[in-house]
Amino acid sequence: MGQNLALNIAEKGFPISVYNRTTSKVDETVERAKREGDLPVYGFHDPESFVQSIQKPRVIIMLVKAGAPVDQTIKTLSGYMERGDCIINGGNEWYENTERREKEMSGLGLLYLGMGVSGGEEDILLKVAAQVPDSGPCVTYIGKGGSGNFVKMVHNGIEYGDMQLIAEAYDVLKSVGKLSNEELRSVFSQWNKGELLSFLIEITADIFGIKDDRGEGYLVDKVLDKTGMKGTGKWTVQQAAELSVAAPTIAASLDSRFLSGLKEERVKAAKVFKSGGFGDILTDQTMDKAKLIDNVRQALYASKICSYAQGMNLIRAKSMEKVWDLKLGELARIWKGGCIIRAIFLDRIKKAYDRNPDLANLLVDPEFAKEIIDRQSAWRRVVCLAINSGISTPGMSSSLAYFDTYRRERLPANLVQSQRDYFGAHTYERVDTEGSFHTEWFKLAKL
């Protein structure tokens, strides 16, 4: 990632010095720069000569693994830096680490900036950022402290949800609809021409068309069903819990990755249940493929709206807590191009927040509300079909539950609060009068 950013910057006409503690990576980057047009990339094998090669005031961009490696890199580089120099962390990072480092660096007379994906002086950033014709470069100053890293973290959480929802759409179409990889490729290619147009839908279509170069069939069918992760999804869910913000779609995607990691256990479990006559797919029915494809498309779109709504609500909650004053519409704008979750409907998310910066939830924006209403029947059909077929769709199911919970004026939470008051005297409020109340439920029940 660092190599690609360095070459991108050099390609835009900015001379750049590069350093890595593994010297072979430095040499590889310089060689690649020569091959790709003799780009102005200069490699250094030691931190001192690297730092001294940079024009003052120096700006150094780091892309290293989050946590201790970042601290170690800062320690190594800062020893050769001077007052007014700046270090930018362009990798994913826990936002509180960013705020801590900012204070520590300030004490040394150095500047520090956390920037989720890439960073540099603004004239450089504007040129190397993805460009969207109707809204400009996909770069902005997010806000103070660790806000940039926090926003990038939630971006990744939304990405987790997006990928899980697409995987569930694939599972329903393949396992229930019996679509072949070629049919799946055609479906996703077609979807990428409409409301679902996005980077993830585009690459999914590509994946279904790739043949296995080591044997027969398609490569996707040979890939182990065990999903990796680097931590940003987990951080997002942890922050949602800490801030009391419901993010069930993102949480479901994280749980799905955990369960996918239990491959050996799942293989054994499948044998146990198959021996009892409980097969992989519970129903074997003939489907109208065209209707199924259309229903899944609608279910996927409606679920995606919920995933983005949850992410935006989490960002807003943190912004209020930290007084960051983040602009949700501007975040949607910079996500429109270049990033993993880039999608055509982000422009409409931007417009929703531009219309109403205090919008409580994307679900109640008039345009999105109408789209949810128009698609909710198909959404329910897909979730019911999946349940009856024994296929787990935790992302779509939790998104639907999120919508149904949010849209209802009254929930069964009155019973839960009654139980809490019964066993723990936690008190409750009433719908007909103000105040806090406690009832001796046990005594009344025994009368």
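Residues numbered from 1 in each chain as written. Predicted model: local features only at pLDDT ≥ 70, side-chain atom pairs only at ≥ 80, totals over all residues. Heavy atoms only, no water.

Chemist: Help me get a handle on a nonpolar patch on the surface, residues and values and all.
Modeler: A grouping of Val272, Phe273, Phe278 and Leu282 is seen on the molecular surface, where their side chains present a nonpolar patch of about 400 Å² in accessible area. Of note, Phe278 is situated in the loop between α12 (263–275) and α13 (289–322). The class of Phe278 is partly exposed, set by a relative accessible area of 47%. (Patch = residues over 30% accessible without salt bridge, like charges linked within 9 Å, V, L, I, M, F, W, Y side chains within 5 Å. Areas by Shrake-Rupley, 256 points an atom, 1.4 Å probe, with all protein chains shown as cover. Salt bridge = Lys/Arg side-chain N within 4 Å of Asp/Glu carboxyl O. Helix = DSSP H or I, 4+ residues; strand = E, 2+ residues; numbered from the N terminus. Buried < 20%, exposed > 50% of the residue type's maximum accessible area, 1.4 Å probe, protein only.)

Chemist: I'd like to hear about the layout of surface pockets, residue by residue, with values.
Modeler: Quantified by volume, the second largest pocket comes out at close to 2100 Å³. Considering the residues around the second largest pocket, the lining is formed by 47 residues, among which Tyr170, Asp171, Asp225, Ser260 and Arg266 are closest to the centre. Within the residue set of the lining of the second largest pocket, elements represented by two or more residues are α7 (147–176), α9 (199–208), α11 (248–260) and α12. The greatest single-element share of the lining of the second largest pocket, amounting to 10 residues, is contributed by α7. (1 Å grid on protein atoms, 1.4 Å probe; cavity = no way out; pocket = protein on both sides within 12 Å on 5 of 7 lines; lining within 4 Å. Points joined across faces, edges and corners; volume = space filled by probe spheres on them.)

Chemist: Give me the lowdown on the sheet that holds strand β3 (residues 59–62), citing residues and values where you can.
Modeler: Pairing is parallel in the open sheet, where three strands are placed in the order β3-β4-β5. Sheet topology places β3 and β5 (111–114) at the edges, where each strand pairs with a single neighbour. Going across the sheet, the axis of each strand differs from the next one's by a mean of 20°, ignoring polarity. Its contacts with the sheet put helix α4 (residues 68–78) on β3, β4 (86–89) and β5, and the angle it makes with β3 is roughly 155°. (Pairing = 2+ DSSP bridges. Axes fitted to C-alpha atoms, helices over the stretch in contact; angles between N-to-C directions. Contact = heavy atoms within 4.5 Å.)

Chemist: Explain the nonpolar core to me, and be specific about the residues and the numbers.
Modeler: With 75 residues, the main nonpolar core has Leu173, Trp191, Trp335, Ile349 and Trp379 as its most contacted residues. Ranked by residues supplied to this core, first place goes to α13 with 14 residues. (Core = buried A, V, L, I, M, F, W, Y, C linked by side-chain atoms within 4.5 Å.)

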